[in-house]
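Single-letter residue listing:
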Amino acid sequence: MVLFTRRDDLERQKDTIQSCVQRAAPKFKEIIRKCNQRYLAFDNNQAPHMREKDAMTLIQIIRDITERNGGKCYSNEMYEEAEKQYRRRVKEIELQKYREKELEKKRITQTLQNEFRQQMDKVNKDKQRILEQLQQSKEKNEHMARNRQREERERHLKEKEHALKEEENKQRQRQQLRATEREWQCKRELEEKERIVREKEHSLKMQEQKQQKEAEQRQRRLDEAEEQERQRRSAQSMVFKENEHKRREKEQEEQMKRLQKENEDYENQLRQAEERERQCEAEHRRRKQELLEQAERYKLDSDKMRSKVRKEYEDEDKGVISTLLGGIKCVAKGIGKGIFGVGKAIGRFIFK
């Protein structure tokens, strides 16, 4: 079914949709025919009740189509069948167009080949004609060129002979001129040499006089410089002697001060040594007294211990007593040696 809009435009033009369909193009009529002449036009600008009437008409047409199709709506199978028919038709149309194009291409190719052959024949004929003309013109030009070359050689020979004669005349004239110029040049060279010799003699005399004056001036400057050098040296020697005398006096004063300081330091060291010696003697006497007192105490203690042991162990084995006594003697001897070593060390420290 085909739906149209803007029916109001047709009504204003006093026309109908049926007449428009009848006047339509064949392809459009083919579409209407495929829809079984089902079409409807709408007017969207009309009154609401008229739009409802058009809508009811559309619904009635849809119901009729549904009843005609057995109460079924448009199904997928129908769409696929229509799609297949459409594709088949499209392929047929494309195949027809392809065949037409191939035929047209063959026809155009044949036409172009015929035209190309005709043009090539014409070109070959023109080429042959041009080659013949070129050959004729070439022969003619060669003949003319040979004539021109012969005439040119004859003219060139004549010009060369004339030029040789003129060159010989010019050569003789140039030789004469060169001989004359050499004579004048020799004279000028002799005069120039004589003038140069005179100038050199004069310049040598002037240089000798100048050198003599310069030598006298250098001698005077040397004498003045020697006199100034003698004066400078004498002044320097006097200044040096004065400086040397002052330096020696200063060194003697510094040496005297240094000797005095050394004497003072030596006296201080002697006093310090005497003080240390007195301190060491006092320390030695004190230590010696302490050691003697300690030895006396050890001796008393050992006597007491010996008497005590003798009293307590008179009845015991004499060997044990003698062993104890020997041990006590060893202890006393060790104590004595220790005291002697300490005293010896103190003595070395004092007398060092």
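Small disclaimer: the values here were computed from a predicted structure and weren't measured.

Peer 1: Help me out: how do you make sense of the overall build of the protein chain in this one?
Peer 2: Of the regular secondary structure elements, the protein chain holds 6 helices and 2 strands. The helix and strand sequence of the protein chain, counted from the amino end, reads β-α-α-α-β-α-α-α. Here the protein chain, with 352 residues, has 9% of them falling under the buried criterion. Long-range pairs, those at least 24 residues apart, make up 57% of the contacts in the protein chain between residues at least 6 apart in sequence. Surface exposure of the protein chain reaches about 32400 Å², of which carbon and sulfur atoms provide 53%.

Peer 1: Explain helix 4 (residues 48-68) to me, please; I cannot follow it from the model alone.
Peer 2: Side chains of residues three or four places apart in an α-helix project in the same direction, reflecting 3.6 residues per turn. The first and last C-alpha atoms of helix 4 sit 30 Å apart over 21 residues, in line with the 30 Å expected at 1.5 Å per residue. Of the positions making up helix 4, those classed as buried are Asp54, Leu58, Ile61 and Ile65. Each buried residue of helix 4 lies within a common arc of 60° when the element is viewed along its axis, so the set occupies one face. With respect to the buried face of helix 4, the exposed residues turned more than 90 degrees away are Pro48, His49, Glu52, Lys53, Met56 and Glu67. Buried residues along helix 4 sit against strand 1 (2-4), helix 1 (7-12) and strand 2 (39-41).

Peer 1: Quick question: what am I supposed to make of the pattern of salt bridges here?
Peer 2: Where charged atoms from two side chains of opposite charge approach closely, those side chains can pair. Applying the stated rule across the entire model yields 15 salt bridges. Here Arg195 makes a salt bridge to Glu199, at a shortest N to O gap of 2.5 Å. Within this pair, Arg195 and its partner Glu199 are both found in helix 5 (residues 76-312), separated by 4 residues, close to a single helical turn. When its relative accessible area of 32% is taken as the criterion, Arg195 is described as partly exposed. Under the relative-accessibility criterion, Glu199 is labelled partly exposed at 43%.

Peer 1: Any chance you could explain the nonpolar core here in plain terms?
Peer 2: Grouped burial of nonpolar side chains is what soluble globular proteins tend to show. Judged by nonpolar contacts, Val2, Phe4, Leu10, Ile17, Val21, Ile32, Cys35, Tyr39 and Ala41 together constitute the single largest core of 9 residues. Apart from the residues within four sequence positions on either side, Ile17 is in contact with Phe4, Leu10, Tyr39 and Ala41. Within the second largest apolar cluster, 5 residues are counted, among which are Leu40, Phe42, Leu58 and Ile65.

Peer 1: Just to check I follow, could you spell out a negative patch on the surface for this structure?
Peer 2: Taken together, the side chains of Glu262, Glu264, Asp265 and Glu267 make up a negatively charged region of the molecular surface. Of note, Glu264 is situated in helix 5.

Peer 1: What am I meant to see in unusual backbone geometry here?
Peer 2: The general pattern is negative phi for most residues beyond glycine and trans for most peptide bonds. With a phi angle near 55°, Lys14 is a residue other than glycine that sits in the positive phi range. Summarising the element assignment, Lys14 is placed in the loop between helix 1 and helix 2 (17-23).

So, how was this worked out
- Residues numbered from 1 in each chain as written.
- Predicted model: local features only at pLDDT ≥ 70, side-chain atom pairs only at ≥ 80, totals over all residues.
- Heavy atoms only, no water.
- Helix = DSSP H or I, 4+ residues; strand = E, 2+ residues; numbered from the N terminus.
- Buried < 20%, exposed > 50% of the residue type's maximum accessible area, 1.4 Å probe, protein only.
- Contact = heavy atoms within 4.5 Å.
- Areas by Shrake-Rupley, 256 points an atom, 1.4 Å probe, with all protein chains shown as cover.
- Expected span 1.5 Å × (residues − 1).
- Arc of directions from axis to C-beta.
- Salt bridge = Lys/Arg side-chain N within 4 Å of Asp/Glu carboxyl O.
- Core = buried A, V, L, I, M, F, W, Y, C linked by side-chain atoms within 4.5 Å.
- Patch = residues over 30% accessible without salt bridge, like charges linked within 9 Å, V, L, I, M, F, W, Y side chains within 5 Å.
- Lys, Arg positive; Asp, Glu negative; His and termini not counted.
- Charge placed at Lys NZ, Arg CZ, Asp CG, Glu CD.

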